[in-house]
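What follows is the residue order along each chain.
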Amino acid sequence: MKKLSEYAKEHGIHYKTAHVHFKKGLIPGAYQLPTGTIVIPDSYQRPEGVKRTAVYARVSSSQNKNNLESQASRVSQFCLAKGWIVNQIVKECASGLNDKRPKLIKLLLDKSINRIVVEHTDKLTRFGLNYIIKLYPGEIIIINEVIEDEQDLMQDFVSLVTSFCARLYGKRKSKRKTEQLINELSK
């Protein structure tokens, strides 16, 4: 058994909305105790046809923060035009080249969300999109599969080259340190 407030949190809706659902009889098995508490049985499952939608917007750097806001707004407008209720908007400033995007990972692991909508393929990821699509149990909607932002692409390219250079120079430095340590130990 769970209270109506727990039901509301679980479904990502406001308590008052959940109360309206209860009054309209939209929560099967729910009843009100003499104390006034509304209780939902543990056996309650969200109807299969109900989709919970999240919007994911990403830019490569904080310099593009204005683009992040407008991107999230455009995707939200698309969802509203389709008649989908946007339950969550996730905005992230991170490179699309690596997997260091905690907000995306959290969104992909959120079992309450079963539809993720992004503006472009590259906003979700630059590489490995097919893996994400195949492994994600829900639906991923990509509005426009054409790469639009050339500056964002260049920023990711620079990040990739910088990352490889840092790894290369880091290995050289590490090798020199190891050689220096061996020389000191052999003395």
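Residues numbered from 1 in each chain as written. Predicted model: local features only at pLDDT ≥ 70, side-chain atom pairs only at ≥ 80, totals over all residues. Heavy atoms only, no water.

Confidence in the prediction for the protein averages 81 pLDDT; 81% of positions are at 70 or higher. Strand β6 (residues 115-118) holds the highest mean pLDDT among the elements of the protein, 95, whereas helix α7 (residues 150-186) holds the lowest, 69. (pLDDT = per-residue confidence, 0-100. Helix = DSSP H or I, 4+ residues; strand = E, 2+ residues; numbered from the N terminus.)

Right, let's talk about the nonpolar core for a bit. Core analysis: the biggest nonpolar cluster contains 14 residues, and Y56, L107, I113, I116, V118, L124 and I140 have the highest contact counts within it. Every element with two or more residues in this core is listed here: β4 (53-59), α4 (102-109), β6, α6 (129-135) and β7 (139-142). Counting 9 residues, the second-largest nonpolar core is a separate cluster that includes L4, Y7, I27 and I38. (Core = buried A, V, L, I, M, F, W, Y, C linked by side-chain atoms within 4.5 Å. Buried < 20%, exposed > 50% of the residue type's maximum accessible area, 1.4 Å probe, protein only.)

What follows deals with the side chain of R58. Inspection of the secondary structure puts R58 in strand β4. Accessibility expressed as a relative area gives 0% for R58, which makes it buried. A distance of 2.8 Å separates a polar atom in the side chain of R58 from the backbone oxygen of A94. Within the local environment of R58, its side chain forms a polar contact with the backbone oxygen of K123, the two atoms lying 3.0 Å apart. (Polar contact = N/O pair within 3.5 Å; in protein donor to acceptor, adjacent residues only side chain to side chain.)

So, about a nonpolar patch on the surface. A cluster of nonpolar side chains, M1, Y31 and L33, forms an exposed patch at the surface whose accessible area comes to about 280 Å². As for its placement among the helices and strands, Y31 is situated in strand β2 (residues 31-32). (Patch = residues over 30% accessible without salt bridge, like charges linked within 9 Å, V, L, I, M, F, W, Y side chains within 5 Å. Areas by Shrake-Rupley, 256 points an atom, 1.4 Å probe, with all protein chains shown as cover. Salt bridge = Lys/Arg side-chain N within 4 Å of Asp/Glu carboxyl O.)

Look at helix α1 (residues 4-11) against helix α2 (residues 15-23): their axes get within 9 Å of each other, and the N-to-C directions meet at 110 degrees. Viewed along their axes, α1 and α2 adopt a mutual orientation that is roughly perpendicular. As for the relative orientation of α1 and α2, their crossing is right-handed in sense. Seen from α1, the contacting residues are L4, S5, Y7 and A8; seen from α2, they are Y15, A18, H19 and H21. (Axes fitted to C-alpha atoms, helices over the stretch in contact; angles between N-to-C directions. Parallel < 35°, antiparallel > 145°, perpendicular 65-115°, else oblique. Left-handed = near helix turned anticlockwise from the far one by under 90°. Contact = heavy atoms within 4.5 Å.)

Counting across every chain of the model gives 1 aromatic pair. Note that R115 overlies the ring of W84, its terminal NZ or CZ placed 4.0 Å from the centroid. (Phe/Tyr/Trp six-rings, centres within 6.5 Å; stacked < 30°, edge-to-face > 60°. Lys NZ or Arg CZ within 6 Å of the ring centre and 35° of its normal.)

Ordered in space as β5-β4-β6-β7, the 4 strands form an open sheet in which the pairing is parallel. Strands with a single pairing partner mark the edges of an open sheet, and in this sheet they are β5 (86-93) and β7. Each neighbouring strand pair of the sheet contributes to a mean axis angle of 20 degrees, computed without reference to strand direction. Its contacts with the sheet place helix α3 (residues 65-82) against β4, β5, β6 and β7, and it is angled at close to 155 degrees to β4. On the sheet, α4 packs against β4, β5 and β6 and is oriented at approximately 155 degrees with respect to β5. (Pairing = 2+ DSSP bridges.)

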